[in-house]
Amino acid sequence: MEIPVLEKPDVDIDAVRAYRRRRVLEQMDAADVELLVLLNPVSLRYAADWREYPLFQSRIQIYDLFVDPDGNMTMHGGYGSDGAAVGEQHPTHRLNSFDGGLELEEYSRRFASDVLTATGPGARIAVEQINPSVVVALREQGVRVVDAEPLIEAARYVKSAEEIQCLRHSIAVAEAAIDVMRSATEPGITENQLFSLLHQVNIANDGDWIDARMLCSGPRTNPWYQQSTDRKIAAGDLVAVDTDMIGPFGYCADISRTWAVDDTPTLQQRDLYRRAHSEITHNAALLEPGRTFREVSEKAFQHDAEFIAHRYTCLAHGVGLSDEYPKIVYRQDWETEGYDGEIMVDTVLSVESFVGSERGGPGVKLEDMYLVTADGPERLSSYPFEEELL
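A brief structural summary. Small disclaimer: the values here were computed from a predicted structure and weren't measured.

**Observations regarding the state of the cysteines**
Among covalent bonds in proteins, the disulfide is the one between the sulfur atoms of two cysteines. All told, the structure shown has 0 disulfides when counted by the stated rule. Cysteine Cys 166 remains unbridged, with the sulfur of Cys 252 as its closest cysteine sulfur at 13 Å. The buried category is assigned to Cys 166, whose relative accessible area is 1%. Counting only cysteine sulfurs, Cys 314 is the nearest neighbor of Cys 252, a cysteine outside any disulfide, at a range of 12 Å.

As C-alpha cells, then:
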C-alpha cells in the first residue's frame, strides 16, 4: 500500500514564532508576571517552537523554559536541538527522579536560586506542571507563584493566518490517512493494523504523534472510548475512528469518521449516522463570534432520551497544537462542568458527536473542525461523509 506524502505549504515559520511570542508576552503583561516558566511540551512548542523529545518531556521533565517580559527565552536542558527561538541554553535543572534521584529538594533549591537571579526577590512568576518541592523552594525564597496554564491557553486561543495554514495542512494529512484506512478496511484486518496506518501517514509527513488509540469496530463502537485492539473487523461492522493527531508543524488534526464494512448498512446504522451528522451540522452553525459558551450549550442539538447517557464529553472544544481551551459541554453537564466565555474570530473548534443507545447496539462517531470567521464558521475538515449511511 502506497503511503501518501503531501507537499508542505510554504509557511512563514518566523511569522508563526513571532505571533506566538507576542501572544505569550501579552498574557504575561495582563497577569503581571515577571517570569514565565514552561514545562508542558505543547507549551514549549508554542512559545519556543521546541520539538525535542515531547512525549518523554510529558512524563520526565528534562526541560524548563524561562521567558522574561522582553521575550528573551532561556532553555534549561537539551540534546542538540538548534533551538532557533531560544536565546540561551543551559544544563537541565534535574527536576525529576530520572536525572536527580529520589531526593529532589536540593535541585529544587538550585532552580529557585536561578529564578531569583533572573527576577530578584519578591517576584511574581507563573509556572506550569512542576513538582511541589519546587513550589516550596520558590516560596521559601519569597517568590510569588501563580499558575501558568491559563496564560498559555489564553494565548493559544486566537490563531494567526500562518497558524491556520499549518492547521489546514495537518488536516489534509489526517484526511489522507483516513482515506488510507478506509481503503484498507476489509474483513479480517484487526483494529490495531488499521489504526497503525494513521501513525504511518502522520510520521511520513513529518507529524509528531497520536494522542490516543481511538479506533474501534462492531460491538465495541458503543459506548465510545474503547481503544483499538487485536479484534478482527467483520463484514457488517461499523468502524469508527478519532484521529487525535498531532501532525506537521506540531498542529492537531482532530477529526472523526465512521464507515460500514463490506455490506449494505442496516436501518439502525443509518439512523445513528444521520443523528450524528445532524448534531455536528446543527452545532457548527452556532459558532458565531460574540456568542457565549453557555448560549452554544443551551442552543445545541437535542437527542432522544436513549442517547443521552452515552453522549460525548463535550459538544465542541478548541484545537491548535492539541486539544485546548475551551471545552463547551452539553446542557446536562453545564451546572457541574460548564464555564463561560466567548467565541472569538480566528479561533478553531472541533464539533463532536457520538451517538449510541444506552440499550446497546452500535455507535457512530463524527467530528469536524471549524474556523470562526467574522461571517461565521468555516469548515476546515472536508473528508466526505458516507453517502450510503445518510
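**Some words on helix α9 (residues 191-204)**
Spanning 14 residues, α9 covers 21 Å between terminal C-alpha atoms, matching the ideal 20 Å at 1.5 Å per step. All of the buried residues along α9 are Glu 191, Leu 194, Phe 195, Leu 197, Leu 198, Val 201 and Asn 202. Down the axis of α9, the buried set is contained in an arc of 130 degrees. They therefore lie on one face. Those residues of α9 that are buried are in contact with α8 (161-184), β7 (209-210), β8 (215-217), β9 (238-242), β10 (245-246) and β12 (256-260). Taken from the residues just after α9, Asp 206 is the one with a positive phi, measuring 65 degrees.

**Points about empty space enclosed by the protein**
It is the rolling of a water-molecule-sized probe over the atoms that shows where space remains empty. For the coordinates displayed, the defined rule picks out 1 cavity of 30 Å³ or more. The calculated volume of the largest cavity comes to roughly 70 Å³. Taken together, Pro 41, Val 42, Arg 45, Trp 50, Arg 51, Pro 54, Asp 208, Trp 209, Ile 246, Gly 250 and Leu 321 make up the full set of residues lining the largest cavity. The element contributing the most residues to the lining of the largest cavity is helix α2 (residues 41-48), with 3 residues.

**Here's the deal with the packing of aromatic side chains**
Per the stated rule, a full pass over the model turns up 10 aromatic pairs. Between Tyr 53 and Phe 56 the ring centres are 5.8 Å apart and the planes differ by 75 degrees, which places this aromatic pair in the edge-to-face class. Residue classification places Tyr 53 among the partly exposed residues on the basis of a relative accessible area of 47%. Taken together, the ring pairs connect Tyr 157, Phe 293, Tyr 325 and Tyr 339 into an aromatic cluster.

Cut-off values and rules
- Residues numbered from 1 in each chain as written.
- Predicted model: local features only at pLDDT ≥ 70, side-chain atom pairs only at ≥ 80, totals over all residues.
- Heavy atoms only, no water.
- Disulfide = S-S within 2.5 Å.
- Buried < 20%, exposed > 50% of the residue type's maximum accessible area, 1.4 Å probe, protein only.
- Helix = DSSP H or I, 4+ residues; strand = E, 2+ residues; numbered from the N terminus.
- Expected span 1.5 Å × (residues − 1).
- Arc of directions from axis to C-beta.
- Contact = heavy atoms within 4.5 Å.
- 1 Å grid on protein atoms, 1.4 Å probe; cavity = no way out; pocket = protein on both sides within 12 Å on 5 of 7 lines; lining within 4 Å.
- Points joined across faces, edges and corners; volume = space filled by probe spheres on them.
- Phe/Tyr/Trp six-rings, centres within 6.5 Å; stacked < 30°, edge-to-face > 60°.

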